Number of protein chains: 2
Amino acid sequence: MRVKNKMPSINICLVHYPVKNQNNQIITTSITNLDVHDLARLSTTYGLDCFYIVQPLNRQKELFQELIDYWKKGVGANYNLHRARAFHKVTIVASIEECLQDIGLDKEPIVIATGANIQGNIGYCQLRELAKTRNILLLFGTGWGLADSLIDKAHYQLAPIAGVDGYNHLSVRSAASIIIDRLCSKKWW
Amino acid sequence: MRVKNKMPSINICLVHYPVKNQNNQIITTSITNLDVHDLARLSTTYGLDCFYIVQPLNRQKELFQELIDYWKKGVGANYNLHRARAFHKVTIVASIEECLQDIGLDKEPIVIATGANIQGNIGYCQLRELAKTRNILLLFGTGWGLADSLIDKAHYQLAPIAGVDGYNHLSVRSAASIIIDRLCSKKWW
């Protein structure tokens, strides 16, 4: 059973629609199996409240719900208890709106868009401060990134992870891991 | 063509042998396709010198050399130039010894073992300092982690990434991303 933290909570959302392809068109992407594993394990390691997957296609939702149940309560749960625990964090929803409703509109989550090419208007220190008092929902895009309409609607746009020589083409698995570590890690520096 | 940085350099090495399985036996694991993509992109984003893959099985080496060449100079290079650039960082070797020889024994790289369950004897601030003057080779284990023999032979063991409630079961893709960010990121805090 999923246990929701008391306020304030941090949630992540992996978006498969609306996102862009390399020609800047709006598309729906397929769920990638390792995204689910990696981000579930990340969410559990850092004590996040929930890891949402936005996927409007019913067949995809059914397929991955089956996969999630396999690890939560099927053969996979006996094979790897740690994986079972991680998969309790995962919820598949059809839209961002459904994700916000699940968190609870009364909790007024602050929505933060992420992406390699967005204009950041909030930094990591500011976000750490904000997360002390407010519920946070971080949006991560698949494909070639979140649709502009989503980025525009978010409360903030997180400063991209800077690469060297202008290269910052991380996988969404890497980017989410780094961002959550910067946001949630106990002070190591 | 791969261009090696001048000293000091940071290199990562993804080890498929010798690593442990869940029964603590020494095994050889298969290469996971997304590990190659994610860690190549990570290495390029953070300006690392080289991303080594240790794999002693010839058939695996051939298969993944073909995959790497596809992205470096095959159809993949036309499809995604960023991916081509990232794959120039990747070198497959048969052993840690071959990896050390490729870096150059005269460069005396400091070998750092990583893992969720190791006793750390160096922290992230110390490692950042060390990397200013010395060449670094970070070892990441697949399967259930690096063999004890490898951990014992390394110069240092990096403090594990701390999770909440005793859970720190990150994928190697997430762990490597977080560790490289802690080691190489420009100061954001």
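Right above here is the structure, for reference.
The rules behind each value
Residues numbered from 1 in each chain as written. Chains lettered and ligands numbered in written order. Predicted model: local features only at pLDDT ≥ 70, side-chain atom pairs only at ≥ 80, totals over all residues. Heavy atoms only, no water. Helix = DSSP H or I, 4+ residues; strand = E, 2+ residues; numbered from the N terminus. Rg over C-alpha atoms; globule rule 2.2 N^0.38 Å. Buried < 20%, exposed > 50% of the residue type's maximum accessible area, 1.4 Å probe, protein only. Contact = heavy atoms within 4.5 Å. Areas by Shrake-Rupley, 256 points an atom, 1.4 Å probe, with all protein chains shown as cover. Pairing = 2+ DSSP bridges. Axes fitted to C-alpha atoms, helices over the stretch in contact; angles between N-to-C directions. Parallel < 35°, antiparallel > 145°, perpendicular 65-115°, else oblique. Left-handed = near helix turned anticlockwise from the far one by under 90°. Nonpolar A, V, L, I, M, F, W, Y, C, P; charged D, E, K, R; others polar. Buried area = accessible area lost by both parts, 1.4 Å probe. Salt bridge = Lys/Arg side-chain N within 4 Å of Asp/Glu carboxyl O. Right-handed = clockwise from strand over helix to strand, strands pointing away.

Draft legend 1. Region of interest: the overall build of chain A. In terms of helices and strands, chain A carries eight helices and eight strands. Over its C-alpha atoms chain A spans a radius of gyration of 16 Å, differing by no more than 12% from the 16 Å that the globule rule assigns to 189 residues. A principal-axis box enclosing the C-alpha atoms of chain A has dimensions of 45 × 40 × 35 Å. Counting all 189 residues of chain A, 56% fall into the buried class. Pairs at least 24 residues apart make up 80% of the contacts formed inside chain A by residues separated by at least 6 positions. Total accessible area on chain A stands at roughly 8500 Å², and carbon and sulfur atoms take up 50% of it.

Draft legend 2. Just the sheet that holds strand β7 (residues 136–141) of chain A, in detail. Residues and elements named next belong to chain A. Spatially, the six strands line up as an open sheet ordered β5-β4-β1-β7-β6-β8, and their pairing is parallel. Each edge of the sheet is formed by a strand with only one pairing partner; in this case those strands are β5 (90–93) and β8 (156–157). One ladder, built from four bridges, connects strand β6 (residues 110–113) with β7; its direction is parallel. Looking at the pairing, A113 lines up with L139 of β7.

Draft legend 3. Examining the packing of helix α1 (residues 33–45) of chain A against helix α2 (residues 58–73) of chain A more closely. Residue and element names in this part refer to chain A. Viewed as axis vectors pointing N to C, α1 and α2 meet at an angle of 45°, and their least axial separation amounts to 11 Å. As summarised for this structure, α1 and α2 are arranged oblique, according to the angle between their axes. Seen along the crossing, α1 lies across α2 with a hand that is right-handed. Contacts between α1 and α2 pair N33, V36 and H37 from the former with F64, L67, I68 and W71 from the latter. Here the contact of α1 with α2 is built from residues that sort into five nonpolar, two polar and no charged.

Draft legend 4. Local environment of the interface of chain A and chain B. Counting residues at the interface gives 39 residues for chain A, matched by 39 residues for chain B. Summed over both partners, the interface of chain A with chain B comes to about 3700 Å²; 58% of that surface belongs to carbon and sulfur atoms. The three residues of chain A that bury the most area against chain B are T45, Y167 and W188 of chain A, which together make up 21% of that side's buried surface. If you look at where chain A meets chain B, you find four salt bridges.

Draft legend 5. Just the sheet that holds strand β7 (residues 136–141) of chain B, in detail. Residues and elements named next belong to chain B. Read from one edge to the other, the open sheet built from six strands follows the order β5-β4-β1-β7-β6-β8, with strand pairing classed as parallel. Since the sheet does not close on itself, it has two edges, and those belong to β5 (90–93) and β8 (156–157), each with one partner. Seen against the sheet, helix α8 (residues 172–184) touches β1 (10–15) and β7 and runs at an angle of roughly 160° to β7.

Draft legend 6. Molecular detail of the pairing of β7 of chain B. Residue and element names in this part refer to chain B. Counting buried positions along β7 gives six out of six residues, so the element sits mostly inside the fold. By the alternation rule, side chains of β7 split into I136, L138 and F140 and L137, L139 and G141, which are all buried. Of the pairings in the sheet, the one linking β1 to β7 comprises six bridges and is parallel in character. Among the inter-strand pairings, L14 is bridged to a residue of β7, identified as F140. In terms of handedness, the path from strand β6 (residues 110–113) via helix α6 (residues 124–130) over to β7 forms a crossover that is right-handed.

The values reported here are purely geometric and, on their own, carry no functional implication.
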